[in-house]
Amino acid sequence: MLFQKRILSKLSHMRKEELQKMIMTLVNQNNHLINGLNAFPGALFIINNEHFIDFANDVGKKFLNIEGRYYGRSLLKTLWSPEIATALSTMLSHTDQAVQYKDISLFLRTPKDFLIGVFHVHRFNEHKKQKKTNISSTHTTPKASREQNFLITINDVSDFKRRYLEESQENSINSLTMLTSGIAHEIKNPLSALDLHLQLISRTFKKIHTPEKKELEELFSIVNHEVRRLDSILNDFLQSFRPRKAIKKSEHLNDIVILTLDLLRAKLEDKKIKTTLSLAPKLKTTLLDKNLIEQLLLNIIENSIEAIEEKGSDENKLISIETTEQPDHLTLTIKDTGIGMKEEHLAKIFNPFYTSKKMGTGLGLSIVSRIMREHNGEIIVESRAGTGTKVILEFYHHPRKMLMLENLSTPSTHPPPKTEARSRA
Ligand SMILES: Nc1ncnc2c1ncn2[C@@H]1O[C@H](COP(=O)(O)OP(=O)(O)OP(=O)(O)O)[C@@H](O)[C@H]1O
Ligand SMILES: [Mg+2]
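Keep in mind that this is a model prediction, so the values were computed, not measured.

**Thoughts on unusual backbone geometry**
Part 1 of the reasoning: You will see that His51, though not glycine, has its phi angle at about 70°, which is positive.
Part 2 of the reasoning: The residue Asn376 is not glycine, and still its phi comes out positive at about 50°.
Part 3 of the reasoning: Among the secondary structure elements, Asn376 is positioned in the loop between helix H12 (364-374) and strand E11 (377-384).
Part 4 of the reasoning: Asn376 gets classed as partly exposed once you look at its relative accessible area, which sits at 27%.

**Considerations on the site of ligand 1**
Part 1 of the reasoning: What surrounds ligand 1 is a group of 19 residues, the closest being Thr355, Ser356, Lys357, Thr361 and Leu365.
Part 2 of the reasoning: Asp336 is positioned with one of its side-chain polar atoms (N or O) 2.9 Å from a nitrogen atom of ligand 1.
Part 3 of the reasoning: Here an oxygen atom of ligand 1 sits 2.5 Å away from a polar atom, N or O, in the side chain of Ser356.
Part 4 of the reasoning: Taken by itself ligand 1 offers 590 Å² of open surface, and the protein chains cover 90% of this.
Part 5 of the reasoning: Put simply, the parts of the chain that give the shell around ligand 1 at least two residues each are helix H10 (290-311) and H12.
Part 6 of the reasoning: Here the shell around ligand 1 takes four residues from H10, the largest share from any one element.
Part 7 of the reasoning: Looking at the shell around ligand 1 residue by residue, the classes come out as six nonpolar, ten polar and three charged.

**Quick word on the nonpolar core**
Part 1 of the reasoning: Ile301, Ile319, Leu332, Ile334 and Leu393 are the most contacted members of the largest nonpolar core, which has 38 residues in total.
Part 2 of the reasoning: Residues contacting Ile334, with those up to four places away along its chain left out, are Leu297, Ile300, Ile301, Ser304, Ile319, Ser320, Ile321, Thr389, Lys390, Val391 and Leu393.
Part 3 of the reasoning: Core analysis: the next-biggest nonpolar cluster, separate from the first, contains 31 residues, Phe45, Ala85, Ala87 and Phe150 among them.

**Structural notes on the pattern of salt bridges**
Part 1 of the reasoning: Enumeration according to the criterion identifies eleven salt bridges in this entry.
Part 2 of the reasoning: With its nearest N and O atoms 3.7 Å apart, the salt bridge here joins Lys161 to Asp103. A residue pair is termed long-range when its members are at least 10 positions apart, and Lys161 in helix H7 (residues 158-207) and Asp103 in strand E3 (residues 99-107) qualify at 58 residues.
Part 3 of the reasoning: In this structure, Asp195 and Arg228 form a salt bridge, with 3.0 Å as the shortest nitrogen-oxygen distance. Pair noted here: Asp195 is in helix H7 and Arg228 is in helix H8 (residues 213-241), with a separation of 33 residues, a long-range link.

**A look at the packing of aromatic side chains**
Part 1 of the reasoning: Summed over all chains, the structure comprises four aromatic pairs.
Part 2 of the reasoning: Seen from their ring centres, Phe63 and Phe114 are 5.8 Å apart, and the 70° between their planes marks the pair as edge-to-face. Residue Phe63 is found in helix H3 (residues 58-64), and its partner Phe114 is found in strand E4 (residues 111-124); the two are separated by 51 residues along the sequence.
Part 3 of the reasoning: Measuring from centroid to centroid gives 6.1 Å for Tyr101 and Phe119, while their planes differ by 90°, and the two rings are edge-to-face. Pair noted here: Tyr101 is in strand E3 and Phe119 is in strand E4, with a separation of 18 residues, a long-range link.
Part 4 of the reasoning: Under the relative-accessibility criterion, Tyr101 is labelled exposed at 53%.
Part 5 of the reasoning: An aromatic cluster of at least three residues, connected via ring pairs, comprises Phe63, Trp80 and Phe114.

Cut-offs and rules
- Residues numbered from 1 in each chain as written.
- Chains lettered and ligands numbered in written order.
- Predicted model: local features only at pLDDT ≥ 70, side-chain atom pairs only at ≥ 80, totals over all residues.
- Heavy atoms only, no water.
- Helix = DSSP H or I, 4+ residues; strand = E, 2+ residues; numbered from the N terminus.
- Buried < 20%, exposed > 50% of the residue type's maximum accessible area, 1.4 Å probe, protein only.
- Near = heavy atom within 4 Å.
- Polar contact = N/O pair within 3.5 Å; in protein donor to acceptor, adjacent residues only side chain to side chain.
- Areas by Shrake-Rupley, 256 points an atom, 1.4 Å probe, with all protein chains shown as cover.
- Nonpolar A, V, L, I, M, F, W, Y, C, P; charged D, E, K, R; others polar.
- Core = buried A, V, L, I, M, F, W, Y, C linked by side-chain atoms within 4.5 Å.
- Contact = heavy atoms within 4.5 Å.
- Salt bridge = Lys/Arg side-chain N within 4 Å of Asp/Glu carboxyl O.
- Phe/Tyr/Trp six-rings, centres within 6.5 Å; stacked < 30°, edge-to-face > 60°.

Here it is, written out as C-alpha cells:
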C-alpha cells in the first residue's frame, strides 16, 4: 500500500524505463496475491459495500458457476442457494463485528453443511483522499472517505462434520461397550459358580431314590437349561460388542451376500418374505473382513425383515439385494418393502440405543456404521414412510479424499422430495 502511494506521488516525474519496472513490480505483486487467494481451499470473495463482487478466487467462480467475468455482479443475487444468500445477507447487515462465522446445513443432492465467514475490511478510498490531503503527510483518513469491503469465505464442512459425528458415535459406542462388557463379565463369575453347583447337584441326584426324584429332576432340567441359555447369550454379547479390528482379505462381496442369505433362508421362508438377487457378474475382489461384513448384512437384513413384519401386509413382502461396480468402489444395495421411516426418525437411526422396537437394543446400525468405517465405506439410507427402505453401502477401494467445493459443479437448489428422506452415517 505504502509503495503504491509513494509511486502515485512520483508518477509525473518518472522516466519510461522506471515506469515499466514499476508496472512489472505491481503485476508481480498482484499475481502473488491472486495465487495466494486461489490456494485457499474454499470459495473466497471480496465484495464492496453494495455487495458487488470485486474479486472471486477459482473455487469461488466454480461455486457460483460463473466461468468468466464476475466483476460488478451482486454476490447475493449470483448465489444459487437462497439459504446461503439469506444467511450471508443477515451476517453482512451486522457489520459491527470484525469476523462472523455461520455454519449452515443445506439440502443439495446430499445434505451439506457450509461454514460461511464474513471478514469486515475497511479500504481507503484513494481517489477522495488524494483530493483532500497530501498523501505522504498523513495516514489518517476522514470517515467519509472510507469504503467498506467484505471478505467472504464459504467452506464445505460436511466431511469434517461427518467425521466429528462418527467419532463421537464411536466414542459413545466404545464407552458403552466397556460398561456393558464389564457388567457382562461380572455376571459371568456367579454364572460359572451356578453351573458348577448344578453339576454337583446332578451327581447327588444319582444317589437319591425318593418318590419326588422325578419331579425334582424335571425342575432341575429347567434350571440347567436356563443357566446354559444365559451363558450362551452372555458369550454372544461379549463377542459382538468387544470392538474388533477388521482383518481384511481379498474377498468376493457376492459370495458373502449369498452366504448370509443362506443363513437367513429358513427365517425368510417362515415369514413368507421373497428375495431377489441381482449380483454384478465378475465383481472385482476387494479387501473385506468376511465375518464383519456378514454381521453387517445380518443386521441390515434383520431390520428389513422386522420392517416388513411391522407393516403387517401379506402382499409384496420383498427384499431386493443388488451389487454393482463403479471405477473406485463397489455398491451393495438392500431394499425392502417394509414400514419405512419418517424423516425425523431417519435422522436418528445411527445413534446408539435409538430403537422404535419393543425388544430392540438400537445398536444394530451403530455396529453397521462402525464396520463400514473400518472398510473405507459409506452408508446411505433412504426411506419413505409406509413404502420401504433402501440401504446403500459403498465400499471404496482406497480411502476417500476430502470433498471439495469444486465437486459441487451442478448444485441443485431443490431439496429432495419431502416424502423420501436420506440419512448418512
Ligand atoms: N429397514 C428398515 N425399515 C424401517 N426402519 C428401520 C429399518 N432399519 C432400521 N430402522 C429403524 O432404525 C432403528 C435402529 O435400528 P437398529 O438396527 O440400530 O436397532 P434395532 O433394530 O431397533 O435394534 P437391534 O438391531 O439392536 O435389534 C430401528 O429401531 C428402526 O426404527
Ligand atoms: Mg436392528
